[in-house]
Amino acid sequence: MMRSAKVGAAQTPPTLPSPAQGVRWTTPIVETPGIVVLASWVWRLVRFLATLPLRFPVMVASAAASGGAWWWLDWPGLAGLWTAALVVSLVWWRVDSVSFRRWVALRLLAWWRHVMVYRRHWQPVLVISGLAESYQERRYLPRIRRVLCTAWADRVRITLVAGTSPAHFEARVAELAHGFGAPSCRVLVEGPRKITLEFPRRDTLARTVPALDVGARADLGALGVGVREDGARWALRLHGTHVLVAGVTGSGKGSVIWSAIRAMLPAVADNIAQVWAIDPKRMELAYGRDLFAHYADDGESAVAVLELAVAQMQDRARRYAGKRRSHTPTTEDPFVLVVLDEVAFLTAYHPDRDIRKRSENAIATLTSQGRSVGFAVLAALQDPRKEVMNLRNLFPDKVALRLDEASQVDMILGEGARDRGANAHLIDPTLPGVGYVRVEGSPAPVRVRAAYVSDGDITAMTDAYGADSSSDGEAA
Ligand SMILES: Nc1ncnc2c1ncn2[C@@H]1O[C@H](COP(=O)(O)OP(=O)(O)OP(=O)(O)O)[C@@H](O)[C@H]1O
Ligand SMILES: [Mg+2]
């Protein structure tokens, strides 16, 4: 796989003020007096020492006790013993809480990467990529605070130069990734003037993820559908939202849909959830139709299923009105997931205008009113442009698999997603199921891979959980 295929395309970054660009400085630059610089260093040292007992209370207390024993009681032996006990207990604590060897290895690796990669190339990479400046013999270079290594990535914590913002770095992720020899770079904002640059050392999503085990119960608010780049489980929320999965043909939309259905099965078996499937291509969902409460595969029956969902949703809303404001899945009022493969077939490509209009109305009604009464839509789409799908903003959650054009990334994941590293247009075609999502609590999009549910898995699922489903005409 070409490394260059994974990093962001060249973009026009916000430029730093630079005398080389002909900016005229009208106010004189005042050199900071040496005494002020010294005072600032002393202040930092004092602050560090003052906060030390708060950050490492046990260590500081033990060190103080050792020093005290030595100084006042003149017991160096006791001080030595105390220190040894402290070291042993720290090591013991580490061995006990995390894999000690792994911790040490990552610490050593972090030190090595800091010295040999980041510190060594820091200045040239940042100067050439336009993120550092020198002016009147002074260097304005962001400072590396710390380098940490996880099993798959390096995290470089830095302090920004005053006057620059994380946006400058977000616009330069391609240069940074190439500069430090990484497949990609993500910018994580930590606080005022503090950011972390995350450089993966290897692609953790390069291997197909086999279908995940079906749990004993389904958490409809966090269904495990794959893995995240950091190794964590990719949890997809379906209850209380609607999800749009966009990606070119062959990008793996089917694996997201099937992984979601698979993770829901315990709830389906308990009769507190139902899957209603619409499969215009007759290729994706037909295989597991025994799992679905309703199934449709042509325009007429698809609209009938959608309108039936709208009718049931509105009936439920009428019953809830004034009594309940949220839905809890029960056997009387199950959670209903309407799965729509290639939604544009109904809303844009179907030759019958009436079908197009009716499906669009039904989808718009379901997505705008279904959330709080337990109806959700999971739709797949190849082409996210407005002309093809003008309902995409009614889907609160979106998944961007491999896309055709860079401009489509922000259409799906929201403005700024591409600048933050969601290069869905550069996903390797040999990695179906890989995509980007926004997860709660993080503005930066997360790279994920859906688990691959094979035909054999679907057969096993229908054998274990399937029942004779209603079909086309019946749905209507
Ligand atoms: N998560 C995955 N991991 C590994 N391989 C996958 C994954 N998802 C899909 N594939 C492979 O990629 C092929 C295409 O996937 P899929 O049919 O899901 O794409 P799609 O986006 O639904 O395409 P279309 O829009 O044409 O229906 C599959 O036949 C399968 O071999
Ligand atoms: Mg498909």
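Here's a quick rundown of the structure. Throughout, a residue's number is its position along its own chain's written sequence, starting from 1. Written order determines the labels here, with chains lettered from A and ligands numbered from 1. In keeping with the predicted nature of the model, local features appear solely for residues at pLDDT of at least 70, side-chain atom pairs appear and are counted solely at 80 or more, and the whole-chain, interface and lining totals rest on all residues. Only hydrogens and water are set aside when side-chain values are computed; all heavy atoms of the structure are taken into account.

A word on the pattern of salt bridges
No. 1: What counts as a salt bridge is simple: a side-chain nitrogen of Lys or Arg found within 4 Å of a carboxyl oxygen of Asp or Glu. Tallied over the entire structure, the rule returns 17 salt bridges.
No. 2: Between Arg 172 and Glu 175 there is a salt bridge; the shortest N-O distance is 3.1 Å.
No. 3: Each residue is placed in one exposure class: buried if its accessible area under a 1.4 Å probe, protein chains only, is under 20% of its type's maximum, exposed if it is over 50%, and partly exposed if it falls in between. By relative accessible area, which is 19% here, Arg 172 ends up buried.
No. 4: For Glu 175, a relative accessible area of 26% translates into the label partly exposed.
No. 5: Salt-bridge contacts for Arg 358 lead to Glu 307; the nearest nitrogen and oxygen are separated by 3.0 Å. You can see Arg 358 sitting in helix α10 (residues 353–369) and its partner Glu 307 sitting in helix α8 (residues 299–320), a full 51 residues away along the chain.
No. 6: Using a relative accessible area of 24% as the deciding quantity, one classes Arg 358 as partly exposed.
No. 7: Counted as one network, the salt bridges with shared partners bring together Asp 315, Arg 316, Arg 319 and Asp 333. Helix numbers and strand numbers start at the N terminus; a helix is a DSSP run of H or I with at least 4 residues, a strand a run of E with at least 2.

As for the packing of aromatic side chains
No. 1: We call Phe, Tyr and Trp rings a pair once their centres come within 6.5 Å, taking the six-membered ring for Trp, and we label the pair stacked below 30 degrees between planes, edge-to-face above 60, and tilted otherwise. Tallied over the full model, the rule gives six aromatic pairs.
No. 2: Their ring planes at 45 degrees and their centres at 5.2 Å tell us that Tyr 118 and Phe 180 sit as a pair that is tilted. With Tyr 118 in helix α4 (residues 100–128) and Phe 180 in the loop between α6 (173–179) and β5 (186–191), this pair connects stretches of sequence that are 62 residues apart. As far as the burial class goes, Tyr 118 and Phe 180 line up, both buried.
No. 3: Taken together, the ring pairs in this structure connect Tyr 118, Trp 122, Phe 180 and Phe 199 into an aromatic cluster.
No. 4: Charge over a ring is defined by NZ of Lys or CZ of Arg lying within 6 Å of the ring centre and within 35 degrees of the ring normal. Here Arg 44 stacks its cationic end above the ring of Trp 41, 5.0 Å away from the centre of that ring.
No. 5: Directly above the ring of Tyr 320 sits Arg 324, whose terminal nitrogen or CZ lies 4.4 Å from the centroid.

A word on the side chain of Ser 255
No. 1: Summarising the element assignment, Ser 255 is placed in helix α7 (residues 253–269).
No. 2: Here a polar contact is recorded for every N or O atom pair within 3.5 Å, except that within protein the pair must consist of a potential hydrogen donor and a potential acceptor, and residues adjacent in sequence are included only if both atoms are side-chain atoms. At 2.7 Å, the side chain of Ser 255 and the backbone oxygen of Gly 252 are in polar contact.
No. 3: Here a residue-residue contact requires only that any non-hydrogen atoms of the pair lie within 4.5 Å. With sequence-adjacent residues up to four places away left out, Ser 255 is seen in contact with Gly 433, Ala 450, Ala 451 and Tyr 452.

Brief notes about the site of ligand 1
No. 1: Throughout, the term near means that a residue has one or more heavy atoms lying within 4 Å of the molecule or strand in question. Around ligand 1, 17 residues are found, and the nearest of them are Thr 249, Gly 250, Lys 253, Lys 281 and Gln 382.
No. 2: Interatomic distance of 2.5 Å between a side-chain N/O atom of Thr 249 and an oxygen atom of ligand 1.
No. 3: One of the backbone nitrogen or oxygen atoms of Gly 250 is found 2.8 Å away from an oxygen atom of ligand 1.
No. 4: For ligand 1, whose unbound accessible area comes to 620 Å², protein coverage reaches 74%.
No. 5: Counting only elements with at least two residues in the shell around ligand 1, the list comes to α7 and β16 (446–450).
No. 6: In this classification, Asp, Glu, Lys and Arg are treated as charged, Ala, Val, Leu, Ile, Met, Phe, Trp, Tyr, Cys and Pro as nonpolar, and every other residue, Gly included, as polar. A class-by-class count of the residues in the shell around ligand 1 yields four nonpolar, nine polar and four charged. A 1.4 Å probe and the Shrake-Rupley method give the accessible areas. Residues count as covered only by the protein chains that appear here.

Quick notes on the nonpolar core
A general feature of soluble globular proteins is that nonpolar side chains tend to end up buried together.
No. 1: We define a nonpolar core as any set of buried Ala, Val, Leu, Ile, Met, Phe, Trp, Tyr and Cys residues linked to one another through side-chain atoms lying within 4.5 Å. The biggest cluster of nonpolar side chains holds 43 residues, and the ones touching the most others in it are Trp 234, Leu 238, Trp 258, Met 264, Leu 285 and Phe 292.
No. 2: By residue number, the principal contributor to this core is α7, which donates 10 residues.
No. 3: Leaving out residues up to four positions away in the same chain, Leu 238 has contacts with Leu 220, Leu 223, Val 243, Ala 260, Met 264, Phe 335, Leu 337 and Ala 376.
No. 4: One finds Leu 306, Val 338, Leu 346 and Leu 366 within the second-largest nonpolar core, a separate group that totals 30 residues.

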